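Coordinate analysis (summary)
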Amino acid sequence: MADKIFTGFHAVEENIRSFVSKSNEISLELFYSKPGPRVKKIISSAKATGIPCNEVSETELNHLVSSLNDSAKDHRGIVLRVSGISIKENIVSLDLWLKTVAEKSTVVILDSVTDPHNVGAIIRSCDQLGADLVILPERRGVKDAASNEVVARTSAGASSWVPIAQVSNLNRALELLKNAGFWIYGADAEGKNTTQIKFPNRTALLLGSEGNGISRLLLQNCDDVVSIPTCGRLDSLNVSVAAGILLYEVKRQKLS
């Protein structure tokens, strides 16, 4: 099993919390240089759980992150290395997840959203607004999104907690959700205003890329299409912003 490298304050903190309970199966090690207040706080928490903490040079930290993409290489003076990872606890099978799904449940499905920053931001909103599952395609999306460093960073560590299912066929995923009592709502500027929609207990939100939107066949398989009322001069919202607004509306209705 290959080592995984995590950078960014939130991602390091949340992955420490996520993996520390499995310390008998995996190995965690923290590396830092010239610690500021935030890094010192993380080091203190890591030491309290028995994680080795090593002060190294900036050059050594740069070497640890050399295989990461440019965004993740900005380690800000702290790096977490995890050895022995196989599959994170929050990576689930859609078929198995549906067997124990709660009566009130919200799912987010992403079609062709290829920017890891957007995926990470959406997962962060899912954590904050109570979405129970994120479904991602194996193709036409972020590769290995569940372990992508940029996704982890942008999600502020939420990608370690929010259940994620990566599927080979989104149309089949929609059918499985429908059979489990979910209503599928595609997000599109031509859809019904959110004020006209009463979201049911089991709601699935389908969002597409900003460039091409939801693919035609997936859109046809939706039970309804929903739009966010806007008044700006641009033709659409950023997909992660749209996801946050829709998730808030679903949560608001379920709480009312």
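Above this text you will find the structure in question.
Conventions and cut-offs
Residues numbered from 1 in each chain as written. Predicted model: local features only at pLDDT ≥ 70, side-chain atom pairs only at ≥ 80, totals over all residues. Heavy atoms only, no water. Helix = DSSP H or I, 4+ residues; strand = E, 2+ residues; numbered from the N terminus. Buried < 20%, exposed > 50% of the residue type's maximum accessible area, 1.4 Å probe, protein only. Contact = heavy atoms within 4.5 Å. Areas by Shrake-Rupley, 256 points an atom, 1.4 Å probe, with all protein chains shown as cover. Pairing = 2+ DSSP bridges. Axes fitted to C-alpha atoms, helices over the stretch in contact; angles between N-to-C directions. Patch = residues over 30% accessible without salt bridge, like charges linked within 9 Å, V, L, I, M, F, W, Y side chains within 5 Å. Salt bridge = Lys/Arg side-chain N within 4 Å of Asp/Glu carboxyl O. Core = buried A, V, L, I, M, F, W, Y, C linked by side-chain atoms within 4.5 Å. Parallel < 35°, antiparallel > 145°, perpendicular 65-115°, else oblique. Left-handed = near helix turned anticlockwise from the far one by under 90°. Nonpolar A, V, L, I, M, F, W, Y, C, P; charged D, E, K, R; others polar. Phe/Tyr/Trp six-rings, centres within 6.5 Å; stacked < 30°, edge-to-face > 60°.

Here we look at the overall build of the protein
Looking only at helices and strands, the protein features nine helices and 10 strands. Counting over 256 residues, the protein shows a buried share of 50%. Sequence separation of 24 or more characterises 77% of the internal contacts of the protein that already satisfy a separation of 6 or more. Total accessible area on the protein stands at roughly 12900 Å², and carbon and sulfur atoms take up 48% of it.

Concerning the sheet that holds strand S4 (residues 78–83)
Strand order across the open sheet formed by four strands is S1-S4-S2-S3, with mixed pairing between neighbours. Unpaired on one side and paired on the other, strand S1 (4–7) and strand S3 (53–55) mark the two borders of the sheet. When strand polarity is set aside, the average angle formed by the axes of neighbouring strands in this sheet is 25°. Taken together, the four bridges between S1 and S4 define a ladder with antiparallel strand orientation. Its bridge partner lying in S4, Ile5 is registered against Arg81. Its contacts with the sheet put helix H2 (residues 37–48) on strand S2 (27–32), S3 and S4, and the angle it makes with S2 is roughly 150°.

Describing a nonpolar patch on the surface
On the surface, Leu237, Val241 and Ile245 cluster together to form a nonpolar patch covering roughly 200 Å² of accessible area. Mapped onto the elements, Val241 comes out in helix H9 (residues 239–255).

Describing the nonpolar core
In this structure, Val108, Leu110, Val119, Ile123, Cys126, Leu205 and Leu207 are the most contacted members of the largest nonpolar core, which totals 29 residues. Sorting the residues of this core by element identifies strand S5 (105–111), helix H5 (116–128), strand S6 (133–137), strand S9 (202–208) and H9 as the ones contributing at least two each. Ranked by residue count, the leading element in this core is H9, at six residues. With sequence-adjacent residues up to four places away left out, Ile123 is seen in contact with Val134, Val151, Ser155, Ala158, Ser159, Val162 and Ile164. Grouped together as the second largest cluster of nonpolar side chains are 22 residues, Ala173, Leu177, Leu218 and Cys222 included.

Quick notes on the packing of H5 against H9
Taken N-terminus to C-terminus, the directions of H5 and H9 make an angle of 15°; their axes are 8 Å apart at the nearest point. Judged by the inter-axis angle, H5 sits roughly parallel to H9. Crossing angle aside, the handedness with which H5 passes H9 is right-handed. The residues of H9 that touch H5, namely those facing Asn118, Ala121, Ile122, Ser125 and Cys126, are Val239, Ser240, Ala243, Gly244 and Leu247. Its residues assigned to classes, the contact of H5 with H9 shows six nonpolar, four polar and no charged.

Section: the environment of Val79
By the secondary structure assignment, Val79 is in strand S4. For Val79, a relative accessible area of 0% gives the class buried. Sequence separation of Val79 and Glu29 is 50 residues, and the distance between their C-alpha atoms is 8.5 Å. In this view, Val79 contacts Ile5, Phe6, Thr7, Glu29, Leu30, Phe31, Leu61, Leu64 and Val65; residues no more than four positions away in its chain are not counted.

Details of the packing of aromatic side chains
Per the counting criterion, the structure on display carries two aromatic pairs. Taken together, a centroid distance of 6.4 Å and an interplanar angle of 35° make the contact between Trp97 and Phe182 tilted. Here Phe182 lies in the loop between helix H7 (170–179) and strand S8 (183–193) and Trp97 lies in helix H4 (residues 94–98), a separation of 85 residues in the sequence. The pair formed by Trp97 and Phe182 is uniform in burial state, with each residue classed as buried.

Note that all results are geometric; they support no functional claim without further evidence.
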